[in-house]
Amino acid sequence: MADLAQEERTFGEKLQSLPRQVLYLILIVVISASVIASKFAGPALVLPNKPGNNAIEFYATVMNVPEGSTVAIQSDWTNSTRGESAGQLESLLRILMRRNVKFMVYSLADPQAPQVARDTIARITLERKLKGEREYKRWDDWISLGFFPNGEGTAKSIQSDIRKAFKGKRDVSPEGPRDVYQSPVLKNIQTLDDLGLYINITASKTIDVLIERLKFKPARFGDFEVKNKLGSMCTGVMGPETVNYYSAGLLFGLVVGLNGVVEMETLMENGVNWPEGKKTVEYAKDKQLVVPGWTGKQNYARGTSYYFALHTGMALLILAVLAGNIGMWLARSGKGKNA
Amino acid sequence: MDFTWIKLTIGAIATIGLYSVLYRENKFYRLIEHIYLGLAAGWSITALWTESLKSTWWDKMVGTPTASGQPGTPGYWAYILLLPIGLMAYFVFSRKNNWVSRIPIGIILGLWAGQQADAWSKKFLPQIAASMKPIIPNDAFIVPAGTGPTPGSLYVSQAVTNIIFLVTLLSVLSYFLFSFELKTRFMKGMTTTGRWLMMIGFGAIFGNTVMTRFTLLIDRMYFIWIEWLITGTFKM
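Criteria and thresholds
Residues numbered from 1 in each chain as written. Chains lettered and ligands numbered in written order. Predicted model: local features only at pLDDT ≥ 70, side-chain atom pairs only at ≥ 80, totals over all residues. Heavy atoms only, no water. Helix = DSSP H or I, 4+ residues; strand = E, 2+ residues; numbered from the N terminus. Buried < 20%, exposed > 50% of the residue type's maximum accessible area, 1.4 Å probe, protein only. Contact = heavy atoms within 4.5 Å. Areas by Shrake-Rupley, 256 points an atom, 1.4 Å probe, with all protein chains shown as cover. Lys, Arg positive; Asp, Glu negative; His and termini not counted. Charge placed at Lys NZ, Arg CZ, Asp CG, Glu CD. Rg over C-alpha atoms; globule rule 2.2 N^0.38 Å. Pairing = 2+ DSSP bridges. Patch = residues over 30% accessible without salt bridge, like charges linked within 9 Å, V, L, I, M, F, W, Y side chains within 5 Å. Salt bridge = Lys/Arg side-chain N within 4 Å of Asp/Glu carboxyl O. Domains from an automatic or database assignment. Core = buried A, V, L, I, M, F, W, Y, C linked by side-chain atoms within 4.5 Å. Expected span 1.5 Å × (residues − 1). Axes fitted to C-alpha atoms, helices over the stretch in contact; angles between N-to-C directions. Polar contact = N/O pair within 3.5 Å; in protein donor to acceptor, adjacent residues only side chain to side chain. Parallel < 35°, antiparallel > 145°, perpendicular 65-115°, else oblique. Nonpolar A, V, L, I, M, F, W, Y, C, P; charged D, E, K, R; others polar. Buried area = accessible area lost by both parts, 1.4 Å probe.

Asker: Whenever I open this one, the overall build of chain A confuses me. Can you help?
Answerer: Looking only at helices and strands, one finds 12 helices and 10 strands in chain A. With 339 residues in all, chain A has 54% of them scored as buried. A separation threshold of at least 6 residues defines the contact pool for chain A, and within that pool the share at least 24 residues apart is 73%. Carbon and sulfur atoms make up 55% of the accessible area of chain A, which totals about 14500 Å². In chain A, which carries 42 positive and 34 negative side-chain charges, the distance between the mean positions of the two groups comes to 1 Å.

Asker: How should the overall build of chain B be read in this particular structure?
Answerer: Scanning chain B for helices and strands turns up 6 helices and 2 strands. Beginning at the N terminus, the succession of helices and strands in chain B can be written as α-α-β-β-α-α-α-α. Over its C-alpha trace chain B gives a radius of gyration of 29 Å, far above what one expects of a compact globule, namely 18 Å for 236 residues. In terms of principal-axis extent, the alpha carbons of chain B reach across some 70 × 60 × 50 Å. Within chain B, buried positions represent 27% of all 236 residues.

Asker: What exactly am I supposed to notice about the pairing of strand β4 (residues 170–173) of chain A here?
Answerer: Across a regular strand the side chains alternate sides, sitting on one face of the sheet and then on the other. Residues and elements named next belong to chain A. Relative to strand β5 (residues 176–179), β4 is paired through 4 bridges, and the arrangement is antiparallel. Across the sheet, D171 pairs through a bridge with R178, a residue of β5. The antiparallel pairing of β4 with β5 creates a hairpin that spans 2 residues between the two strands.

Asker: Just to check I follow, could you spell out a nonpolar patch on the surface for this structure?
Answerer: A cluster of nonpolar side chains, contributed by Y76, W77, I80, L81, L83, L87, Y90, V92 and F93 of chain B, occupies part of the molecular surface with about 1100 Å² of accessible area. Secondary-structure assignment places L81 of chain B in the loop between β2 (71–73) and α3 (82–88).

Asker: In this structure, what is going on with the domain arrangement of chain A? I would like to understand it.
Answerer: Bring the parts together and some accessible area is lost; that lost area is often taken as the interface size. In terms of domains, chain A is made up of domain 1 (8–43 + 306–333) and domain 2 (50–299). Look at where the C-alpha atoms of domain 1 of chain A and domain 2 of chain A centre, and you get two points 37 Å apart.

Asker: How should I be thinking about the nonpolar core in this particular structure?
Answerer: Generally speaking, nonpolar side chains in soluble globular proteins are found buried as a group. Residues and elements named next belong to chain A. Within the largest apolar cluster, 45 residues are counted, with the highest numbers of intra-cluster contacts made by Y59, I73, F103 and I199. Going through the elements one at a time, α4 (53–64), β1 (70–76), α5 (82–98), β2 (102–107), α6 (113–130), β6 (197–202), β8 (224–226) and α11 (257–270) are the ones with two or more residues in this core. Formed by 37 residues, the second largest nonpolar core is a distinct cluster that contains A72, F148, V180 and L250.

Asker: How should I be thinking about α4 of chain A in this particular structure?
Answerer: Because an α-helix completes one turn every 3.6 residues, residues spaced three or four positions apart along the sequence face the same direction. All names here are of chain A. In this model α4 runs 16 Å from its N-terminal to its C-terminal C-alpha over 12 residues, within 8% of the 16 Å that 1.5 Å per residue would give. Most of α4 is tucked away, with 10 of its 12 residues classed as buried. Along α4, the residues that are buried comprise N54, A55, I56, E57, F58, Y59, A60, T61, V62 and M63.

Asker: What's the story with the sheet that holds strand β10 (residues 254–256) of chain A in this structure? I'm lost.
Answerer: Remark on secondary structure: sheet strands pair via backbone hydrogen bonds, oriented parallel or antiparallel. Residue and element names in this part refer to chain A. Overall, parallel pairing links the 6 strands, which are arranged β3-β2-β1-β6-β9-β10 in an open sheet. Looking at which strands have only one partner, the edges of the open sheet turn out to be β3 (142–147) and β10. Strand-to-strand, the axes of this sheet are offset by a mean angle of 15°, without reference to chain direction.

Asker: I keep staring at the pattern of salt bridges and nothing clicks. Help me out?
Answerer: Close approach of charged atoms lets side chains of opposite charge pair. Summed over the entire model, instances satisfying the criterion amount to 28 salt bridges over all chains. For R123 of chain A, the salt bridge is made with E90 of chain A, and the minimal N-O distance between the two is 2.8 Å. In this pair, R123 of chain A is assigned in helix α6 and E90 of chain A in helix α5, connecting sequence segments 33 residues apart. A salt bridge links E25 of chain B to R30 of chain B, with the shortest nitrogen-to-oxygen separation between them at 2.6 Å. Connected through salt bridges with shared partners, the residues R82, E90, R123 and R302 of chain A together with D219, R220 and E227 of chain B form a single ionic network.

Asker: Is there a simple way to explain the environment of P66 of chain A in this structure?
Answerer: Inspection of the secondary structure puts P66 of chain A in the loop between α4 and β1. Considering only alpha carbons, one finds P66 of chain A and G222 of chain A, 156 residues apart in sequence, at a separation of 8.4 Å.

Asker: Which parts of the structure should I look at to understand the environment of R302 of chain A?
Answerer: Take R302 of chain A: it is sitting in helix α12 (residues 302–333). On the accessibility criterion, R302 of chain A (9% relative accessible area) is buried. With 56 residues separating them along the chain, R302 of chain A and Y246 of chain A place their C-alpha atoms 25 Å apart. Beyond its immediate stretch of four places on either side in the chain, R302 of chain A contacts R82, A86, G87, E90, R123 and E265 of chain A together with D219 and E227 of chain B. A polar contact is formed between the side chain of R302 of chain A and the side chain of E90 of chain A, at a distance of 3.0 Å.

Asker: Whenever I open this one, the packing of helix α9 (residues 206–213) of chain A against helix α4 (residues 102–131) of chain B confuses me. Can you help?
Answerer: Relative orientation and spacing of two packed helices are given, respectively, by the angle between their axes and the distance between those axes. Look at α9 of chain A against α4 of chain B: their axes get within 7 Å of each other, and the N-to-C directions meet at 85°. One way to sum up the angle between α9 of chain A and α4 of chain B is to call them roughly perpendicular. The residues of α4 of chain B that touch α9 of chain A, namely those facing D208, I211, E212 and R213 of chain A, are W112, Q115, Q116, D118, A119, K122 and K123 of chain B. When the residues that make up the contact of α9 of chain A with α4 of chain B are grouped by side-chain class, the tally is 3 nonpolar, 2 polar and 6 charged.

Asker: What should I look at first to understand the interface of chain A and chain B in this one?
Answerer: Listed by partner, the interface residues are 62 residues for chain A and 57 residues for chain B. Where chain A abuts chain B, roughly 5000 Å² becomes buried across the two surfaces, and 64% of that area is made up of carbon and sulfur atoms. Inspection of the region where chain A meets chain B yields 7 salt bridges. Residue E227 of chain B is joined to R302 of chain A by a salt bridge in which the shortest nitrogen-to-oxygen separation is 3.9 Å. Classifying every residue of the side of chain A that touches chain B by side-chain character gives 28 nonpolar, 16 polar and 18 charged.

Asker: Quick question: what am I supposed to make of α6 of chain A here?
Answerer: In this model, α6 of chain A (18 residues) spans 26 Å end to end at C-alpha, consistent with the 26 Å of a helix rising 1.5 Å per residue. Those residues of α6 of chain A that fall on the buried side of the exposure criterion are A113, P114, V116, A117, R118, T120, I121, I124, T125, E127 and R128 of chain A.

Put into structure tokens, the structure is as follows:
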């Protein structure tokens, strides 16, 4: 009976009921082929990207934070969102390390997150070491503060008294575990406003916790004005609701999903309104703002490697939706019988 | 065969095992799933102690030595009072005394509620203020290409953008007026517009979500093909 029903299906009906295993197989083959093609084609498959104002402002602010200052990185992602969040943290770390900006890293969201962040730092440190660049050292250049289970309470505590918020935390120093406030990273931090910037990399709503509890005074980095020291790098899922905070001036910049990673990599390669860049990235809001890039260094990385596959995957999805709709149209209009 | 390659191979086997459920339910998938759950639970418990409880509670209670082993920071015994409050939460498993578990929940709720007025104002007031956008232009039609916008100017193109924003804001807000019946044609049109605009918004949000899911698959394929096979195994 089932075989008979199968035989009687029209072409339109068949188009609408492709076995899911076949769809998954096509998807995996297309994505795999795209990833491998990106690896071997190299720069030939770097797709064009026009960074938005949110990413440009994020990049410009990170590029203007004074050398030697301390940036707080609240890394709230784990390997479940490695595709987006790893590229975001990697691009941020490359900039901070090239600019000799110190940073502390911790999580308010997940006990696994600090280890994932430390693994990413180790990866970028190794990358620098292999290129003969200065090795970023734990304790002197960066520290890990671990995981804080009560995000709301910890954020409130950071706002009230940052010296008390991390009291008792110890990190690895060359002489063994020591109080983190003895580290050069935190030594001069007395209040929240002493931080260079506060950046949240998240796959969830932890940016809400920070917006609700942290309040930064406007600051100036030389000629560069910063209205808010809080910035966000979030996944594509969290992007639409986080963009409201950026629009309301609650964030100095915003990097969303894989496209955001590619925006960062494009900006690192070309700068902003920078005549020496390979191509000009214009910032329409302020044509006088010039932020240099890092042409010749490793800028195109994880984001660019995934970008071609994202496009082929999306094209496949559009094709599948079209095929399903054409199938429905054929089935309803009675066409395609005995195809 | 180095340790890095073994690590990558275990990761690849786990990825293939978890994706095998896309074909159909199987024992290989279940095995990997249970290993993952066990590892995640074990890791979380360990990390909760090493990354959090030890430094924020235990070390503060018992004190910490210096690097040379001499007494460093003195301990503060009052931190022991947090232990019974935490343990009370486990009374949720007792049928007779589960009321005890409501005490720590009440403390958490109180702490949460106390923060909300401040939290609400910090989150929403700037958004409300940013919604008050000018709509009457006072300058040229579009922002000049060479110099960028002049401070204080509102170009016609910007004014149109602001009008679209305000129409969206007001029509979507009007959709949520449930307390009274909307009888006028204008208000009915506003709510319908609001509903349509929300649908467009939901479509954009869904598009972002799909993009994230695709990226997660791309990342796994990158791991299998590039990190494990091409770079890790064949050293290409």
